[in-house]
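# Topology and contacts: notes
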Amino acid sequence: GDDRRGFTVEVRETFARLTRQGLGPNDAAALALKLAAGIAEWPLDVPAFLGSIERCKDATLRSGEKLSEHLGVSDDIERVFSSADALNSSFIAHTSARHDDEPRDDDDDDSLSGRTETTATPPLDPATARVRDALKLDFDELLDVYQAIESLGSLFVGILLASFGRLLGSLGDGPTAWSHAGPALIRLILVVLECPALIEPAHSDVLGQLLKLAASLPDSATNAMVLCVRACYKREQFRRSLAVTQQFLTVRVYDMRRRGVTDASTTHAAAFLRVLWRANTAVSVPGADVGAERSTRMHPYAFVPFADFRVDAVNGEEFDTREDYRRWRRPDLRAFSFCDYPFVYDPAAKARILQLESAMLQAHVFEHYALGSPLPDPHAVSTDLGNCPYLKLEVRRDCLLADTMRQLTYHVRCGDVRKPLRVRFVGEEGVDEGGVQKEFFQLIAPQVFSKRVGFECDEETHSVWFAKGKQPWAEYELAGVIVGLAVYNGHALDLKLPKVAYKKLMDEPIGLGDLEDVAPWHHNAMRCLLRCEDETEIERFGFSFAATYVEDVSGECVCVDLLPPNGEDTRVDMGNRREYVNRYVEWYLVDSVAAQFDSFRGGFERLCGGIGALFRSDELESLVVGAPTLDFHALQANCSYEDGLCVDDPLATWFWALVHDDLCESRRRRLLCFCTGSDRAPVAGLGSVRLAVSVNGRDDARLPTAHTCFNHLMLPRYSCREVLRERLTTAIDNAVGFGLQ
């Protein structure tokens, strides 16, 4: 009886002490029972521990006293950081570090003020906010302890890491640890991951254990970890965890290259990188104000730009992208491939992967047609011309759109648009080895995406969008085929589609902010409506749940009910204005052009149906239209010289001085088109274009010439720079077509 009463008293006193330290009643009760029974360790008394560390550094202490302090610190480290119970009941946050409506770090969420909009961060959704409050992890206190331990030197850091090793070893694999610890396991993983010493390669074994545990968690636990990271991390913490994981993965990649095999730790690191990637993806919050909604569009990430996830080791020339792609396309091998984690690749590497896929598919299709056994297509029409192994387009410059649409319609019906492309301009000498195609796509894109085909152009943004009403759907499909053909054959287009078109192609969510590029006036009206502070202001708009547009073919004004059956009679007020905005945006960007866009998507996916697995919408846009800027210094750095010309030759020096100093932007683009067949840079920029410059005789009267298929510019050896300038500008200002004009 006395033992039981003593045990009860001890449990009550321990429970009271633990609740004062911030533990919840359930957690405090469970730990109090374990402590009273002697099967658990006490949580860390942080102020006392930090005081002991300071005394260890006190130079006035005698050696015996200092040894005693060192042993006490060492014992505390081993006791707490190797015990799941002690660690999970330490570093309790007494108040939430960040509220739902507070920005992270220096972010400003009021994007409607005069301040910049690009710093805003989306607020936490309610579910994530609840996860943050339940975790109760004081990251600042935890980091203070880690830094204090580091200040004592490598011996104590080693004791800390060894304690981590024992802790992780005691937990077992992911499913086992999750079944025993539940959500507390996520807290343990985040506590260990926060240790700054993990960035050191010498401690990669402990980090490897941690990543193995995280990678083996069941899906429910992985989802919980995503929520925890998104809820609890600040930007600096996220960057630190990202850097630790990337460095570990980089070392594994170099080791894989050296040994020729992939070990399991590479898979574990990539899997945890995906957890961070998911946590970094911003979430639109129902009821968020218009400023936060616009911020989500401007910054679709919560912590760092998506480009920060790229791993240099897999984007360099030394990495075998072809082999990685081969493993990805052979799921029966069950082999690891970075293509399953596309965020580690930069757009240029992804473009190379797409080119590999296109080249392999074209070779496969060519082989079948060349052997007289075309690939089966249930929609194909059998013809004699369909047995040709090439997709041949013969077009006239003065009838470019009509000739292209007629021939593509035929090839789409035959189901052979995946053949290797060959283009010929009627009456011209050019043989298509790539240069003719580039000029063809540059010329056809503005004609296809015009009012003649069924697109409307906004005068303010100059972007094109799908015309509403009853349109010829087949022409939209052919427009999609044109874009798909360009991507499939590795060419950039002069295309003014807004970003929302690429988001729809990639099935990414869209919102009010996406309306700005398509219809700025409508976007501004919606934002003004959401700014209204009372019913009087809203009544001035006179909006009801209806939308109108002018039918492009008949010219009739059509009214659309946004809230059937009585939307036109339902006035917009303070209570329903957000619903009105959501319905209007959905109608304008989705419903009103659904048939048109579906036809366009169908044409695009005839050639690029599997592209969504690799690319985000912004990367797809870069792939379609090329790099946004033209860096001619990068082009010069990658230039080669032939036929006796060298980099220090006066002719080469004059040429590049003329390009950088004398030519305006439009003439630089014409020069690029003259040399390569296109005024667009590929997604990797002009630094990836291999321009060759050579000497072609000695005659001031001759004009420069070029082989666009090979990016080869030939310059006569002119007598001075002024002659070069006059002859070159004459050539680029009057160059049209292939062969003699």
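The notes below deal with the structure included here. (Residues numbered from 1 in each chain as written. Predicted model: local features only at pLDDT ≥ 70, side-chain atom pairs only at ≥ 80, totals over all residues. Heavy atoms only, no water.)

## Some details on the overall build of the chain
Scanning the chain from N- to C-terminus turns up 31 helices and 10 strands. Put simply, 72% of the contacts in the chain that link residues at least 6 apart link residues at least 24 apart. With an accessible surface of roughly 34500 Å², the chain has 51% of that area assigned to carbon and sulfur atoms. (Helix = DSSP H or I, 4+ residues; strand = E, 2+ residues; numbered from the N terminus. Contact = heavy atoms within 4.5 Å. Areas by Shrake-Rupley, 256 points an atom, 1.4 Å probe, with all protein chains shown as cover.)

## A look at the nonpolar core
Grouped together as the largest cluster of nonpolar side chains are 176 residues, with contacts concentrated most on F81, F238, F338, F449, Y580 and I611. Element by element, the count of residues in this core is highest for helix α20 (residues 473-488), at 10 residues. For F338, the residues in contact, after removing those within four places along its chain, are L249, V253, M256, T266, V314, F319, D324, V344 and Y345. One finds Y641, L658, C675 and L724 within the second-largest nonpolar core, a separate group that totals 32 residues. (Core = buried A, V, L, I, M, F, W, Y, C linked by side-chain atoms within 4.5 Å. Buried < 20%, exposed > 50% of the residue type's maximum accessible area, 1.4 Å probe, protein only.)

## Here we look at the environment of I189
Summarising the element assignment, I189 is placed in helix α10 (residues 184-193). Counting along the chain gives 22 residues from I189 to L211, while the straight-line C-alpha distance between them is 8.9 Å. Setting aside anything within four residues of it in sequence, one finds I189 in contact with L210, L213, A214, L217 and M225.

## Here we look at the packing of aromatic side chains
Under the counting rule described, the total for this entry stands at 37 aromatic pairs. Ring centres of Y301 and F306 lie 6.1 Å apart, and the angle between their planes is 75°; this geometry places the pair in the edge-to-face category. By relative accessible area, Y301 is classed as buried at 14%. Taking the relative accessible area as the measure of exposure, F306 reaches 11% and is therefore buried. Between F655 and W656, the ring centres sit 4.9 Å apart and the planes meet at 70°, which makes this aromatic pair edge-to-face. Here F655 matches W656 in class, with each residue buried. (Phe/Tyr/Trp six-rings, centres within 6.5 Å; stacked < 30°, edge-to-face > 60°.)

## Quick word on helix α18 (residues 400-414)
Here α18 contains 15 residues, and its C-alpha end-to-end distance of 21 Å stays within 8% of the 21 Å for a straight helix at 1.5 Å per residue. Of the residues making up α18, those classed as buried are L400, L401, D403, T404, M405, Q407, L408, H411, V412 and C414. On its buried side, α18 packs onto β1 (391-395), β2 (421-425), α19 (435-448), α20 and α26 (594-608). Immediately downstream of α18, the backbone of G415 shows phi near 70°, a positive value. (Expected span 1.5 Å × (residues − 1).)

## So, the packing of helix α8 (residues 154-171) against α10
For the pair α8 and α10, interaxial distance at closest approach is 12 Å and the crossing angle is 155°. With respect to α10, the element α8 is oriented roughly antiparallel. Seen along the crossing, α8 lies across α10 with a hand that is left-handed. Residue-level inspection shows F164, L167 and L171 of α8 in contact with α10, the latter providing L185, L188 and V192. (Axes fitted to C-alpha atoms, helices over the stretch in contact; angles between N-to-C directions. Parallel < 35°, antiparallel > 145°, perpendicular 65-115°, else oblique. Left-handed = near helix turned anticlockwise from the far one by under 90°.)

## Considerations on empty space enclosed by the protein
In this structure the tally under the stated criterion is three cavities of 30 Å³ or more. Volume-wise, the largest cavity comes out at about 60 Å³. Residue lining of the largest cavity: F632, L635, F655, W656, V659, L671, L672, C675, T676 and L691, and that is the complete set. (1 Å grid on protein atoms, 1.4 Å probe; cavity = no way out; pocket = protein on both sides within 12 Å on 5 of 7 lines; lining within 4 Å. Points joined across faces, edges and corners; volume = space filled by probe spheres on them.)

## So, the packing of α10 against helix α12 (residues 219-232)
Across the interface, α10 lies against α12 with an axial gap of 10 Å and an inter-helix angle of 55°. On the basis of their axis angle, the class for α10 and α12 is oblique. Seen from above, α10 lies across α12 with right-handed handedness. Contacts between α10 and α12 involve I186, I189 and L190 on the former and, on the latter, A221, M225, C228 and V229. When the residues that make up the contact of α10 with α12 are grouped by side-chain class, the tally is seven nonpolar, no polar and no charged. (Nonpolar A, V, L, I, M, F, W, Y, C, P; charged D, E, K, R; others polar.)

## Side note on the pattern of salt bridges
Tallying each qualifying case throughout the model produces 38 salt bridges. A salt bridge links D494 to K496, with the shortest nitrogen-to-oxygen separation between them at 2.8 Å. A relative accessible area of 25% means that D494 is categorised as partly exposed. D662 serves as the salt-bridge partner of R725, at 3.5 Å between the closest nitrogen and oxygen. Linking R725 in helix α31 (residues 721-734) with D662 in helix α29 (residues 650-662), this pair joins segments that are 63 residues apart in sequence. The class of R725 is partly exposed, set by a relative accessible area of 29%. Within the structure, one salt-bridge network assembled from shared partners comprises R252, D255, R258, R259 and D263. (Salt bridge = Lys/Arg side-chain N within 4 Å of Asp/Glu carboxyl O.)

## Observations regarding helix α11 (residues 204-215)
In a regular helix each residue adds 1.5 Å, so 12 residues correspond to 16 Å; α11 covers 16 Å between its end C-alpha atoms and thus fits that length. Three or more residues of α11 are buried, namely V206, L207, G208, L210, L211, L213 and A214. Buried positions along α11 lie against α8, α9 (174-181), α10, α12, α13 (235-259) and α14 (264-280).

## Section: the pairing of strand β10 (residues 712-715)
Burial along β10 is two-sided: the face carrying H712 and M714 and the face carrying L713 and L715 are both buried. Note that strand β8 (residues 692-695) and β10 share four bridges and pair parallel. Bridging across to β10, A692 finds its partner in H712. Judged from the three bridges that link them, strand β9 (residues 705-707) and β10 form a sheet pairing that is antiparallel. (Pairing = 2+ DSSP bridges.)

## With respect to a negative patch on the surface
A cluster of acidic side chains, namely E533, D534, E535 and E539, defines a negative patch on the protein surface. By the secondary structure assignment, E539 is in helix α24 (residues 535-541). On the basis of relative accessible area, E539 is assigned to the exposed category, the value being 60%. (Patch = residues over 30% accessible without salt bridge, like charges linked within 9 Å, V, L, I, M, F, W, Y side chains within 5 Å. Lys, Arg positive; Asp, Glu negative; His and termini not counted. Charge placed at Lys NZ, Arg CZ, Asp CG, Glu CD.)

## A word on the sheet that holds strand β7 (residues 640-642)
Strand order across the open sheet formed by four strands is β7-β8-β10-β9, with mixed pairing between neighbours. The outermost strands of the open sheet, each flanked by one partner alone, are β7 and β9. Direction aside, the axes of adjacent strands within the sheet are offset by 25° on average. Both β7 and β8 contribute to a ladder of three bridges, which runs parallel. In the sheet register, E642 faces β8, and the bridge partner there is S694.

## Some words on unusual backbone geometry
The linkage connecting P564 with the following residue, P565, adopts the cis geometry, with an omega of 5°. By the element assignment, P565 lies in the loop between β6 (557-561) and α25 (577-589). With phi around 60°, F91 is a residue other than glycine that occupies positive phi space. Along the chain, F91 turns up in the loop between α5 (84-88) and α6 (126-135). Taking the relative accessible area as the measure of exposure, F91 reaches 2% and is therefore buried. The backbone of D643 shows a phi angle near 55°, a positive value even though the residue is not glycine. By the secondary structure assignment, D643 is in the loop between β7 and α29. Residue classification places D643 among the exposed residues on the basis of a relative accessible area of 55%.

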